[in-house]
Amino acid sequence: MSGEVAQHLRERLAQNRIVFWHDSEGEYENELDGLDLDGVNIIRVDGDEFGIKHRLLSDSKGAYLVYRPGTTPVDTQNWLLDLELAYDVFTADKTAMLQRELGINNPALLPVIDAHQKFFGAARRRKALEDLLARGDDPARMRAKMCQVLIKSSGHKLTDIVRELLIDYANGSTLKFDELAVFGLDDFFWAGLKNIYGYESSTPTIDDFILWVFRLAVNDFAADDSEQYRNIRSDFYSLRYDTRAQDTMRKLASRAADQLDIASSLDDIDFRDLIEGMIFKEIDQRIIVGLADAIADRTMTRNEVAELIVRRKESLWYDQYKGFYLALLDAVNVLAMISAMPESIASIAEGLEKYQSEWFMIDQLYRRFTTAYRMLENPHPLEGLKAEVDKQYANRFLFGLGQAWQQVLDTMSEWKTTALPKQSLFYKEKVAPLISGGRNKAVVIISDALRYEIADEFASRIRSEDRFSAILSARFGALPSYTQLGMAALLPHETLELTPEGLPVLVDGKPSNGTANRDKILKTVDGCALQATDILNMNGSEMRELYKSHTVFFVYHNRIDAAGDKPASESTVFEAADDAIRELVRLVKKWTNANATNIFVTADHGFLYQDVPLEDAYYLSDKAQGEHVTMKNRRFVLGEALAPSSSFMTFTSEQAGLSGDVEIQIPKSIHRLRMPGPGSRYVHGGASLQEIVVPVVAINKKRTSDTRPVAVDLMPETDKITTGQLAVKLAQREAVTDKIHARRVRLGLYVGEVLISDTPILTFESTSEEPRDRYQSTVLHLTQEADDFNLRPVELRLEEPIPNTTQWKTFSKANYMLRRSFTTDFDF
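Attention in this report is confined to the structure presented alongside it. Keep in mind that what you see is a predicted model, and the values were worked out from it rather than measured. (Residues numbered from 1 in each chain as written. Predicted model: local features only at pLDDT ≥ 70, side-chain atom pairs only at ≥ 80, totals over all residues. Heavy atoms only, no water.)

**Some words on the overall build of the protein chain**
Rules: A run of DSSP states H or I qualifies as a helix once it reaches four residues; a run of E qualifies as a strand once it reaches two. Both are numbered from the N-terminal end. Burial classification: accessible surface area is computed with a 1.4 Å probe over protein chains only, and a residue below 20% of its type maximum counts as buried, one above 50% as exposed, and the rest as partly exposed. We call two residues contacting when some pair of their heavy atoms lies within 4.5 Å. Using a 1.4 Å probe, accessible areas were evaluated by the Shrake-Rupley method; residue-level cover was limited to the displayed protein chains.
If you tally the helices and strands in the protein chain, you get 28 helices and 28 strands. With the C-alpha coordinates aligned to their principal axes, the bounding extent of the protein chain is approximately 140 × 65 × 50 Å. The buried share of the protein chain, reckoned over its 828 residues, is 52%. Long-range contacts, defined as pairs at least 24 residues apart, comprise 70% of the intrachain contacts of the protein chain with a sequence gap of at least 6. Within the structure as shown, the protein chain displays about 37,400 Å² of accessible surface, and the carbon and sulfur contribution to it stands at 48%.

This is the structure in structure tokens:
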């Protein structure tokens with residue numbers, strides 16, 4: 001006899017001293033004598049019901065199992081009926097046993113068990129279902145939970161089931177759907193798709209269902225009846241915004257796009273009319289090409305492009321095409337700023353002030369655009385725009401600004417100005433006052449060729465870190481703007497002397513080239529010279545011990561110039577700038593972790609760079625001439641008795657604020673001297689604004705937190721929901737800054753913990769100071785769950801991600817009353 005039957009009998013007899021066992025098929029009659037029930041009297045019914053009844057009534061204490069094979073008489077024909085009603089009746093059919101095992105008291109669920117006996121054949125599946133079943137479950141919900149068990153979904157709602165099947169299918173498998181079919185639940189699944197989503201087919205397949213869904217998605221599930229596709233629309237967008245399903249949705253969208261021939265359907269559509277299409281990558285590709293052409297042709301304004309790109313962040317494919325969109329945004333901004341450049345500069349002071357406040361951004365945007373372009377796997381769609389940006393940057397900005405700046409430089413008889421403090425006074429004015437008295441220390445990080453615009457991005461990155469402040473200022477760089485002089489100018493000194501060959505530069509008569517020589521000079525102020533690579537390799541305790549050992553620390557970092565000065569790596573100088581920023585942030589954090597509180601990041605000089613070969617017009621036709629030309633660079637010449645030329649600015653050492661008898665000649669504007677060998681796009685040594693506006697970033701670490709997410713407010717226009725959707729308007733209360741960070745917001749309508757809408761996600765990251773530029777709107781579509789809560793209050797929740805998790809937390813709420821005039825009866 002089945003051990004399972006015996007165990008059930010023992011459990012029943014433990015609760016009732018008399019149990020009647022009805023075995024209609026008599027299948028256990030031959031095994032009855034072998035049943036071990038520990039002292040229970042076993043009686044067979046064989047036409048002697050009156051005798052059995054008398055025995056049972058005469059013995060008030062004994063335990064009995066009354067076994068009746070065959071058909072049990074009904075009603076008054078059953079002489080034992082009163083005792084059966086008083087005690088317990090056991091049947092050994094599988095459905096009844098499963099009912100008892102699962103604790104099911106609802107008779108309506110028995111046909112489900114009977115129809116799916118195969119499902120209940122495994123104890124593992126029975127246990128998993130038992131854990132899911134709840135009081136009040138109806139047959140549909142029980143079958144839904146059986147589906148959940150089979151495909152191991154996170155829930156039993158149709159959305160949960162569909163998500164798992166789609167993920168499986170997108171990965172080239174039908175195993176999970178096959179499981180439903182094997183256990184007889186495929187028809188239930190298709191019925192759910194018909195009743196809840198409206199999908200109907202005489203021969204339904206997963207392929208056909210997916211194609212049906214994406215065909216509807218092309219027109220945003222539009223229908224004559226606004227309620228017809230609300231459930232599939234809501235669940236489609238729930239999957240679309242679900243981070244767990246993003247890869248799946250992209251795979252399925254790609255297949256559907258091929259089957260629906262989406263690419264061909266876009267041929268005659270203006271890209272501006274495709275802005276709301278968020279599902280197919282072909283739409284993003286078409287928009288990118290259209291935007292690139294419009295930006296190059298100047299047929300869209302900066303604001304129009306920015307608004308369009310903000311909208312595209314809702315695209316399923318935005319992350320894949322983010323590089324293109326960022327490059328496009330940088331391109332439209334750099335072209336707009338170049339077109340607004342003045343043709344002349346009124347004074348040295350105006351040129352220096354404008355470069356620090358506005359014009360440096362053109363260099364920054366050009367660098368960012370170029371870097372983004374190079375990172376594209378297939379940059380072909382932006383090739384025309386790249387050519388236009390390169391042309392405008394090189395010809396109109398670099399050359400145009402160089403010419404205008406040169407006109408005011410021609411009025412200078414000495415290399416000095418009151419508009420900016422001299423680079424050579426950096427130590428005397430910034431470091432020495434700080435350490436005087438012996439209570440403070442100073443760390444100076446000198447990054448070779450850290451141009452002003454790169455320093456601005458670095459300072460912004462530092463300010464975005466919690467508890468860090470970073471103030472960017474500038475100094476008037478030494479001339480010529482080359483490494484040896486710039487590095488020497490930053491050291492403590494009274495005099496700087498150029499030697500005829502330019503190397504070394506003498507600091508108070510001592511050579512300053514190389515870390516060892518600089519270390520000797522710094523020892524006079526209880527300082528030391530260090531290489532950034534050594535600092536980056538130190539652990540925390542080594543850094544703390546180092547910080548205790550001196551008062552002044554000069555750290556030499558070389559990433560940008562190391563790339564730009566070598567012909568083989570010249571073209572990677574912008575990528576090197578990104579690397580430099582990351583390394584400088586690491587260096588700053590290492591020093592602050594060692595308890596440093598006063599840190600300066602500066603440079604020896606800037607540089608000029610364009611990402612295309614130079615035209616002949618950018619080279620001087622004249623050559624440097626004189627009695628003794630002792631050193632020649634593409635951007636400067638050193639010597640004695642140099643021949644005057646209208647192509648050069650000429651300064652004596654004294655006029656340049658230096659000691660010695662060396663003369664200096666600088667090619668005017670951005671011109672270069674022709675020299676043998678490659679390497680002319682990256683240069684420094686001259687007097688352009690990019691070369692001589694030297695950044696100084698003063699960094700401090702605070703004790704209290706000073707970063708937070710941007711504030712987002714709900715702007716309700718009603719407190720009632722009367723249709724199947726709710727339009728929502730939100731306002732970003734302030735501009736995003738280094739200290740006020742962008743915020744991702746997920747919206748959803750809830751009753752208690754029951755979600756009754758889709759959950760769109762918006763990103764608030766506007767840096768505009770204009771409030772009207774910071775509004776965003778979206779529409780929440782109700783799901784079928786909403787029908788259960790009509791005439792009830794509902795809650796709109798604004799949620800944000802919990803860092804380093806996939807979870808969200810609520811930060812704002814608003815209450816609405818759901819007052820819909822009709823509902824639907826769909827359930828799964």
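**A short note on the pattern of salt bridges**
Stated formally: Only one rule defines a salt bridge in this text: a Lys or Arg side-chain nitrogen within 4 Å of an Asp or Glu carboxyl oxygen.
Enumeration over the complete set of coordinates arrives at 57 salt bridges. A salt bridge links Glu785 to Lys157, with the shortest nitrogen-to-oxygen separation between them at 3.7 Å. Linking Glu785 in the loop between strand E26 (775-781) and strand E27 (793-801) with Lys157 in the loop between helix H7 (139-151) and helix H8 (158-170), this pair joins segments that are 628 residues apart in sequence. Glu575 is the salt-bridge partner of Arg374, the closest N and O atoms lying 2.8 Å from each other. Note that Arg374 is positioned in helix H18 (residues 348-375) and Glu575 in helix H27 (residues 573-593), a separation of 201 residues in sequence. Among the residues examined, Arg374 registers a relative accessible area of 27% and is labelled partly exposed.

**With respect to the packing of aromatic side chains**
Note the cut-off: Stacked, tilted and edge-to-face are the three classes applied to pairs of Phe, Tyr and Trp rings, where Trp contributes its six-membered ring and a pair requires centres within 6.5 Å; stacked means planes under 30 degrees apart, edge-to-face means over 60, and tilted covers the rest. A ring is scored as having a charge over it whenever the NZ atom of a lysine or the CZ atom of an arginine sits within 6 Å of its centre and within 35 degrees of its normal.
Within the structure shown, the criterion is met by 38 aromatic pairs. Look at Phe360 and Tyr452: their rings are 5.4 Å apart centre to centre, the planes differ by 80°, and that puts the pair in the edge-to-face class. One end of the pair, Phe360, is in helix H18; the other, Tyr452, is in helix H21 (residues 452-463), and 92 residues separate them in sequence. The same class applies to Phe360 as to Tyr452, namely buried. Looking at Arg451, its charged tip hangs above the ring of Phe607, at a distance of 4.2 Å from the centre.

**Examining the sheet that holds strand E7 (residues 496-498)**
The cut-off we apply is this: Paired strands, as defined in this entry, are two strands with at least two bridges between them according to DSSP.
One open sheet holds the three strands; their spatial order is E7-E8-E9, and the pairing between them is antiparallel. Single-partner strands in this sheet number two, and they are E7 and strand E9 (510-511). Both E7 and strand E8 (residues 505-507) contribute to a ladder of three bridges, which runs antiparallel. Bridge pairing links Leu496 to Val507 in E8.

**Topic: helix H13 (residues 246-260)**
The criterion, for reference: What a helix should span is 1.5 Å times the count of its residues minus one.
For H13, spanning 15 residues, the distance from its first C-alpha to its last is 20 Å, which sits close to the expected 21 Å at 1.5 Å a residue. Among all positions of H13, only Gln246, Thr248, Met249, Leu252, Ala253, Ser254, Ala256 and Ala257 are buried. Each element contacted by the buried residues of H13 is listed here: H8, helix H11 (206-218), helix H12 (230-241), helix H14 (262-265) and helix H15 (281-296). The positive-phi residue at the C-terminal boundary of H13 is Asp261, with phi of around 55°.

**With respect to the nonpolar core**
Nonpolar side chains in soluble globular proteins generally cluster together in the buried interior. The line we're drawing: Here, nonpolar core refers to any group of buried Ala, Val, Leu, Ile, Met, Phe, Trp, Tyr and Cys residues whose side-chain atoms link them within 4.5 Å.
Formed by 215 residues in total, the largest nonpolar core has its most connected members in Phe189 and Trp591. When residues no more than four places from it in sequence are discounted, the contact partners of Trp591 are Val443, Ile445, Leu530, Ile535, Met543, Leu546, Tyr547, Phe553, Val555, Ala596 and Ile599. Grouped together as the second largest cluster of nonpolar side chains are 26 residues, Ile721, Val751, Leu762 and Val794 included.

**Comments concerning the environment of Tyr87**
Among the structural elements, Tyr87 can be located in the loop between helix H3 (81-86) and strand E4 (88-91). The exposure class of Tyr87 is partly exposed, given its relative accessible area of 30%. Leave out the neighbours within four places in its chain, and Tyr87 touches Asn16, Arg17, Ile18 and Phe20.

**Notes on the pairing of E4**
A one-sided burial pattern is seen for E4, the buried positions being Asp88 and Phe90 and the unburied ones Val89 and Thr91. By the bridge criterion, four bridges tie strand E1 (residues 18-23) to E4 in an arrangement that is parallel. In the strand pairing of E4, Trp21 is matched with Phe90.

**A word on the sheet that holds E26**
Either a parallel or an antiparallel arrangement is found when strands of a sheet pair, and the pairing is made through backbone hydrogen bonds. Where we set the bar: Between the N-to-C directions of two axes lies an angle of 0 to 180 degrees, each axis being a line fitted to C-alpha atoms and, for a helix, fitted only over the stretch in contact.
Overall, antiparallel pairing links the three strands, which are arranged E19-E21-E26 in an open sheet. Strands with a single pairing partner mark the edges of an open sheet, and in this sheet they are strand E19 (712-714) and E26. Looking at each pair of strands side by side, their axes are set apart by 30° on average, direction ignored. Where E19 meets strand E21 (residues 725-732), three bridges bridge the pair, whose relative direction is antiparallel. Across the sheet, residue Asp713 finds its bridge partner in E21, namely Ala731.

**Considering unusual backbone geometry**
Most peptide bonds are trans, and most residues other than glycine sit at a negative phi. Look at the link from Leu479 to Pro480: it is a cis peptide, with omega at 0°. Within the secondary structure layout, Pro480 lies in the loop between strand E6 (468-476) and helix H22 (483-490). Residue Leu503 is joined to Pro504 through a cis peptide bond whose omega torsion reads 0°. With respect to the secondary-structure elements, Pro504 resides in the loop between E7 and E8. Positioned with a positive phi, Asp38 is a non-glycine residue whose angle comes to about 55°. Looking at the element boundaries, Asp38 is found in the loop between E1 and strand E2 (41-44). Taking relative accessible area as the criterion, Asp38 reaches 66% and is therefore assigned exposed.

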